[in-house]
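Descriptive analysis of the structure
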Amino acid sequence: WLSDRAVGAERTEQGFRVHFEAGEAREASRIILATGVVDRLPDILGLAERWGSRVFHCPYCHGYELERGRIGIVATSAMAMHLALLLPDWGETTLFLNGAFEPDAEQLAKLAGRGVALEREAVARLEGELELVLGSGRRVRLDGLFVSTRVEVADPLADLLGCAFSEGEFGRIIHTDAMKATSVPGVYACGDAARMGGSVSLAVGDGTLAGAAAHQSLIFGLPGA
Ligand SMILES: Cc1cc2nc3c(=O)[nH]c(=O)nc-3n(C[C@H](O)[C@H](O)[C@H](O)COP(=O)(O)OP(=O)(O)OC[C@H]3O[C@@H](n4cnc5c(N)ncnc54)[C@H](O)[C@@H]3O)c2cc1C
């Protein structure tokens, strides 16, 4: 066990060398990257402080906590349509367009079909437990607010090792095969860093696969080697 931040990694003749913040380095024949992601939040005053308590991105994690409550979505792009069409099953839903996009006729019909209210006034800030203050000073009280974030792998280790990435609508994650092997032989990746739209249970499952694959490669060799 080593409680430190890995700040660098490189390939060596025997495998890999990982460098740590306090100055230590360790040799490894396999690496499992489980570093998670960083969510890039919209730049709205008071939003970051409420991330995880009143502001969320996953209806399946937090929708039930707001059951039948007042739910808002602040759009950061047209991808907000996705959340807006899912969330009415957990409560009265308002989509705050916040200048991010303007729904076309087909999108408007879909929103109306799901009973989603539209708000075009810009969101100036969040206050109190969860009150949206709009540009005119009008206040809208909500129980929960959702945003679509862009994710970035939390650190540059996968880049330094030369791992391939997958580009998705919500960001860039490490590309892996079904057993969580990356494009670099001997390097595995699991959890949010290697799966779009993750959860604790999926991250744990991925970790199991990556651990088993890394161990088996030590016994039976790396595929193709
Ligand atoms: C607001 C919010 C609410 C959520 N709610 C739920 C929920 O209710 N239920 C649910 O199942 N999921 C929820 N999730 C998703 C869940 O948190 C993630 O899917 C899960 O934590 C991913 O686990 P992970 O191990 O891949 O990454 P993480 O949990 O992010 O862990 C990665 C760890 O690696 C460490 N690390 C990163 N870089 C380095 C480095 N270079 N050296 C050393 N250590 C490093 C980090 O410090 C961190 O401790 C939520 C996510 C968010 C953002």
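A quick note: this is a predicted structure, and the numbers were derived from the prediction, not measured.

1. Looking at the overall build of the protein
Across its full length, the protein carries five helices and 17 strands. Expressed along its principal axes, the backbone C-alpha trace of the protein runs to roughly 65 × 35 × 30 Å. Split into buried and exposed, the 225 residues of the protein put 40% on the buried side. The long-range share in the protein, meaning contacts at least 24 apart out of those at least 6 apart in sequence, stands at 48%. Of the roughly 12,100 Å² of accessible surface on the protein, a fraction of 53% belongs to carbon and sulfur atoms. Counting 21 positive and 30 negative side-chain charges, the protein places the centres of these two groups 2 Å from one another.

2. Thoughts on the site of the ligand
Taken together, 19 residues form the shell around the ligand, and within it Ala6, His62, Asp155, Asp192 and Val200 come nearest. Taking Ala6, its main chain carries an N or O atom lying 2.8 Å from a nitrogen atom of the ligand. A distance of 2.9 Å separates an oxygen atom of the ligand from a polar atom in the backbone of Val200. Surface burial for the ligand is 62%, taken as the share of its 1,000 Å² of free accessible area covered by protein chains. Every element with two or more residues in the shell around the ligand is listed here: α1 (59-62) and α5 (200-220). Looking at side-chain class alone, the shell around the ligand contains six nonpolar, eight polar and five charged residues.

3. Quick word on the sheet that holds strand β10 (residues 123-127)
What the three strands build is an open sheet, ordered β10-β11-β12; its pairing is antiparallel. Strands at the two margins of the open sheet, each flanked by one partner only, are β10 and β12 (139-141). Adjacent strand axes in the sheet meet at a mean angle of 25°, parallel and antiparallel pairs treated alike. Bridge analysis of β10 against strand β11 (residues 131-134) gives four bridges, and the strand direction is antiparallel.

4. Thoughts on the nonpolar core
The biggest cluster of nonpolar side chains holds 18 residues, and the ones touching the most others in it are Ile31, Leu33, Leu161, Cys163, Ile174 and Val187. Among the elements of the structure, β2 (16-20), β4 (31-33), α4 (157-161) and β17 (187-189) are those that each provide at least two residues to this core. Once residues within four sequence positions are removed from consideration, Ile31 is found in contact with Phe16, Val18, Leu161, Gly186, Val187 and Tyr188.

5. Some words on the sheet that holds strand β6 (residues 55-56)
Hydrogen bonding along the main chain pairs the strands of a sheet, whether they run parallel or antiparallel. Ordered by their spatial adjacency, five strands build an open sheet running β6-β13-β7-β8-β9, and the pairing between neighbours is parallel. Edge positions in the sheet fall to β6 and β9 (117-119), since each has one partner strand and no second. Alignment of strand β7 (residues 69-74) against strand β13 (residues 144-147), held across four bridges, turns out to be parallel. Directly across from Ile73, in β13, lies its bridge partner Phe146.

6. Brief notes about the domain arrangement of the protein
Looking at the protein, the domain boundaries give domain 1 (30-38 + 152-220) and domain 2 (42-147). The C-alpha centroid of domain 2 is placed 31 Å from the C-alpha centroid of domain 1.

7. Quick look at unusual backbone geometry
The phi angle at Asn98 is positive, at roughly 50°, despite the residue not being glycine. Tracing the backbone shows Asn98 in the loop between β8 (91-96) and α3 (105-113). Unlike most non-glycine residues, Lys180 shows phi in positive territory, near 70°. Its place among the elements puts Lys180 in the loop between β16 (171-174) and β17. By relative accessible area, Lys180 is classed as buried at 6%.

8. What about α5?
Taking 1.5 Å of rise per residue, 21 residues should cover 30 Å, and α5 covers 30 Å from first to last C-alpha, within 8% of that figure. Those residues of α5 not exposed but buried are Asp206, Ala210, Ala213, Ala214 and Ser217. Seen from one end, α5 has its buried residues packed into an arc of 100°, which puts them on one side. In α5, the exposed residues that point more than 90 degrees away from the buried face are Val200, Ser201, Val204, Thr208, Ile219 and Phe220. The inward-facing, buried residues of α5 abut β4 and β17. Positive phi appears at Gly221, one or two residues downstream of α5, with a value of about 90°.

Conventions used here
- Residues numbered from 1 in each chain as written.
- Predicted model: local features only at pLDDT ≥ 70, side-chain atom pairs only at ≥ 80, totals over all residues.
- Heavy atoms only, no water.
- Helix = DSSP H or I, 4+ residues; strand = E, 2+ residues; numbered from the N terminus.
- Buried < 20%, exposed > 50% of the residue type's maximum accessible area, 1.4 Å probe, protein only.
- Contact = heavy atoms within 4.5 Å.
- Areas by Shrake-Rupley, 256 points an atom, 1.4 Å probe, with all protein chains shown as cover.
- Lys, Arg positive; Asp, Glu negative; His and termini not counted.
- Charge placed at Lys NZ, Arg CZ, Asp CG, Glu CD.
- Near = heavy atom within 4 Å.
- Polar contact = N/O pair within 3.5 Å; in protein donor to acceptor, adjacent residues only side chain to side chain.
- Nonpolar A, V, L, I, M, F, W, Y, C, P; charged D, E, K, R; others polar.
- Pairing = 2+ DSSP bridges.
- Axes fitted to C-alpha atoms, helices over the stretch in contact; angles between N-to-C directions.
- Core = buried A, V, L, I, M, F, W, Y, C linked by side-chain atoms within 4.5 Å.
- Domains from an automatic or database assignment.
- Expected span 1.5 Å × (residues − 1).
- Arc of directions from axis to C-beta.

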